[in-house]
Amino acid sequence: MRIVVLTGAGISAESGVPTFRDAGGLWEGHRVEDVATPEAFARDPRTVQRFYDARRHAASLAEPNPAHDALARLEDALGDDLLIVTQNVDELHERAGSSRVVHMHGRLASALCQACGARVPVPADLAGDPACPVCGERALRPDIVWFGEMPYELDRIDLALASCDLFVAIGTSGAVYPAAGFVRTATEFGASTLELNLAGSEVSPLFDEVRVGPASVVVPAWVDEVLGR
Ligand code: BV8
């Protein structure tokens, strides 16, 4: 069975990484327009760099939770028949052992050089304007997809959605596109669809099945079911 899993901030919530829209979420600390758009970065690069430096530090202190571990177990069993598409910019899937992970909105651990286009591991806090290890220019920005920017690897994602048997969305509010539309694409190509979330989302009505509960409980239970345990 071929499965595509889309994860959002909710899968990392129990690891202590704040979500965007729940009470106390990140956006509430900052207006989106002030930190997650190219215009914000052009207007006030220092504030945006500091925002992402702070999130990078916070994310590095977080540990994968049983939901991340369960998806890594599922990949051990399914191999290339499982693809994780994550909207998250943390490394928790990788640290749990998953390797087939597409970061469609970028990664905190990566920096993008605006001078030479290189993507490099973040050499130091970007607020300190470190030199690009490839070209030496002080032109590094967070390798993050901001609002209004093109998400990464959409072709690969569309191919996977068109050929999967099951599409599962975990811990995402369905508020941001094009990710929120993936359930429609999967359905159009005949896949079954399942939503695992702490509460209903904006797109819950589009799923064949919705299971409500914390990811650390509902994701391992679902993986055990798939693995016939
Ligand atoms: C694009 C990186 C063109 C930054 C992010 C009007 C209509 C439709 C679309 C638009 C529109 N106006 C503008 C747009 C486009 C825009 C958009 O969708 N805006 C929204 C606000 C309306 N989209 C874009 O600009 C995108 N680019 O459109 O380019 C294009 C389009 C198609 C094809 C080609 C070109 C780029 C968007 C990317 C923005 N960057 N992240 C950063 O991280 O700082 S978005 C960010 O928020 C996340 O990456 C994620 O994608 C998004 C949503 O967050 P979630 O992950 O869902 O988290 P959230 O807090 O919202 O929800 C948490 C969920 O977890 C909840 O459901 C909760 O119940 C659940 N939960 C909580 N605890 C638990 C739990 N579940 C389980 N267990 C728990 N314990």
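The rules behind each value
Residues numbered from 1 in each chain as written. Predicted model: local features only at pLDDT ≥ 70, side-chain atom pairs only at ≥ 80, totals over all residues. Heavy atoms only, no water. 1 Å grid on protein atoms, 1.4 Å probe; cavity = no way out; pocket = protein on both sides within 12 Å on 5 of 7 lines; lining within 4 Å. Points joined across faces, edges and corners; volume = space filled by probe spheres on them. Nonpolar A, V, L, I, M, F, W, Y, C, P; charged D, E, K, R; others polar. Near = heavy atom within 4 Å. Polar contact = N/O pair within 3.5 Å; in protein donor to acceptor, adjacent residues only side chain to side chain. Helix = DSSP H or I, 4+ residues; strand = E, 2+ residues; numbered from the N terminus. Domains from an automatic or database assignment.

Our next topic: empty space enclosed by the protein. Summed over all chains, the structure comprises one cavity of 30 Å³ or more. For the largest cavity, the calculated volume is near 50 Å³. If you go around the largest cavity, the residues you meet are Leu6, Phe167, Ala169, Thr172, Gly174, Ala179, Ala180, Phe182, Val183, Val203 and Phe207. Counted by class, the lining of the largest cavity contains nine nonpolar, two polar and no charged residues.

It is worth spelling out the site of the ligand at this point. The environment of the ligand is made up of 37 residues, and the closest members are Arg21, Arg55, Gly148, Ser173 and Asn197. At a separation of 2.8 Å, a nitrogen atom of the ligand approaches a polar backbone atom of valine 145. In this structure, a nitrogen atom belonging to the ligand sits 2.9 Å away from a main-chain N or O atom of alanine 215. When residues of the shell around the ligand are traced back to their parent elements, those giving at least two are helix H1 (10-13) and helix H5 (45-61). A per-class count over the shell around the ligand returns 21 nonpolar, 11 polar and five charged. Composition of the shell around the ligand by domain shows at least three residues from each of domain 1 (1-17 + 64-105 + 151-229) and domain 2 (18-61 + 106-144).

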